Amino acid sequence: MAIIISEINIYPIKSLGGISLTEAQVEDRGLQYDRRWVLADNEDVFMTQREHEQMALIDVAIEADGLKVSHRKKEIRPLKVPFLPQTSDTHTIRIWDDTVSAVRVNDEADAWFTEVLGKETRLFYQPDDSVRPTDPRYAITGEEHTSFADAYPILIIGQASLDALNERLDEKITMKRFRPNLVFTGGQAHDEDQFGHFRVGNTKLAGVKLCARCVLTTINPETAEKGKEPLKTLAQYRKNGNKILFGQNILVLEKGKIKLGDEIVLLPA
């Protein structure tokens, strides 16, 4: 059975709403625009839905001259974010165990997010010359790097994996809970666990580490409400040690373009 790309998603501002695409450029650090922006507090620590679940209600769209950011429920004028920062205010942002050089976008963005989230917030952009290496334990060339994603350039999940989970849940959930970049149809549940090197479109990618899931998956992306699922159910059959695994983290070996309907071709080890 052919393995076919069925979804392409990017999340330009980390932990805010995603954007579904029909095609995407694959760059060294992931899909173009994916997680190149991040929100940080006044101590330059990144912010996510894990602590600020209301971020789930902020949507992002790509327009000709930048991003359009809007709130799904609050009556507030949408924010326009330019593709490039309007300041030269460089900070070192802490994201997990990493530090990343980033440039503050502008005062307007800071004020908008501070009002919406009720907490002092600033918006930063990762410029091209800011390189954040991926974990060397899983490197292939030693040159791999990523954006403000949790750890790796791309996350892939099979539709069959979600279908198998939903068979166990009383209330079905959507793939949005897991925020993948790529989704594919065909094959069996969790086939992505075994992905090594593969081609899709004119790119070459490599699966290097299963993705450990956190409480962010328990936040309903439509309402920002927290629950116990799907982690409670996943823990029954996808737990390894103290980690719950769902999806595969991917490194970029050769850049190019991916579009919906492209076939994933697995390569020999």
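Structure: above.
Residues numbered from 1 in each chain as written. Predicted model: local features only at pLDDT ≥ 70, side-chain atom pairs only at ≥ 80, totals over all residues. Heavy atoms only, no water.

K.L.:
Help me understand the side chain of threonine 217, please; the structure alone is not making it clear to me.
P.N.:
Checked against the element boundaries, threonine 217 lands in the loop between strand E17 (203–212) and helix H3 (231–237). For threonine 217, the side chain forms a polar contact with the main-chain oxygen of cysteine 214, separated by 2.9 Å. Discounting residues that sit within four places of it in the chain, threonine 217 has contacts with Arg177, Phe178, Glu229, Pro230 and Leu231. (Helix = DSSP H or I, 4+ residues; strand = E, 2+ residues; numbered from the N terminus. Polar contact = N/O pair within 3.5 Å; in protein donor to acceptor, adjacent residues only side chain to side chain. Contact = heavy atoms within 4.5 Å.)

K.L.:
Would you mind showing me how to read the pattern of salt bridges here?
P.N.:
Pairing between side chains becomes possible if they bear opposite charge and their charged atoms approach one another. Evaluated as defined, the whole model comprises 21 salt bridges. With a closest N to O distance of 2.6 Å, aspartate 135 and arginine 137 form a salt bridge. A residue is classified by how much of its surface remains accessible, and arginine 137, at 65% relative accessible area, is exposed. Lysine 259 is the salt-bridge partner of aspartate 262, the closest N and O atoms lying 3.1 Å from each other. By relative accessible area, aspartate 262 is classed as buried at 10%. Through salt bridges that share partners, Asp89, Arg104, Asp107 and Asp110 make up one connected network. (Salt bridge = Lys/Arg side-chain N within 4 Å of Asp/Glu carboxyl O. Buried < 20%, exposed > 50% of the residue type's maximum accessible area, 1.4 Å probe, protein only.)

K.L.:
For this particular structure, what's the right way to read helix H2 (residues 159–166)?
P.N.:
Along an α-helix, residues three or four apart share an orientation, since each turn contains 3.6 residues. Among all positions of H2, only Ser161, Leu162, Ala164, Leu165 and Asn166 are buried. Close packing links the buried residues of H2 with strand E14 (154–158), H3 and strand E19 (243–254).

K.L.:
Sorry if this is basic, but what is going on with the nonpolar core here?
P.N.:
Generally speaking, nonpolar side chains in soluble globular proteins are found buried as a group. Core analysis: the largest hydrophobic core is formed by 40 residues, its most contacted members being Ile13, Leu39, Phe113, Leu123, Leu205 and Ile264. Take this core: its biggest share by element is five residues, from helix H1 (residues 107–117). Phenylalanine 113 has contacts with Ile13, Leu16, Leu39, Ile58, Val69, Leu79, Gly118, Lys119, Thr121 and Leu123, leaving out every residue within four places of it along the chain. Among the nonpolar cores identified, the runner-up in size contains 14 residues, and Leu165, Ile173, Cys211 and Leu234 belong to it. (Core = buried A, V, L, I, M, F, W, Y, C linked by side-chain atoms within 4.5 Å.)

K.L.:
How should the environment of arginine 177 be read in this particular structure?
P.N.:
Relative to the helices and strands, arginine 177 is located in the loop between H2 and strand E15 (182–185). Separated by 161 residues in sequence, arginine 177 and leucine 16 have C-alpha atoms that sit 12 Å apart. Among residues more than four places away in sequence, those in contact with arginine 177 are Leu216, Thr217, Thr218, Ile219, Asn220, Pro221, Glu229 and Pro230. Here glutamate 229 takes part through its backbone oxygen, which lies 3.3 Å from a polar atom of the side chain of arginine 177.

K.L.:
Please explain the sheet that holds strand E8 (residues 79–82) as it appears in this structure.
P.N.:
Strand pairs in the sheet, formed through backbone hydrogen bonds, run parallel or antiparallel to each other. Taken in spatial order, the three strands of this open sheet run E6-E7-E8, and their pairing is antiparallel. In this open sheet, the two strands that pair with only one neighbour each are strand E6 (58–63) and E8. Averaged over neighbouring strand pairs, the angle between their axes works out to 25° when direction is ignored. Here H1 sits on the sheet and contacts E6, strand E7 (66–71) and E8; the angle it forms with E7, its principal contact strand, is near 20°. (Pairing = 2+ DSSP bridges. Axes fitted to C-alpha atoms, helices over the stretch in contact; angles between N-to-C directions.)

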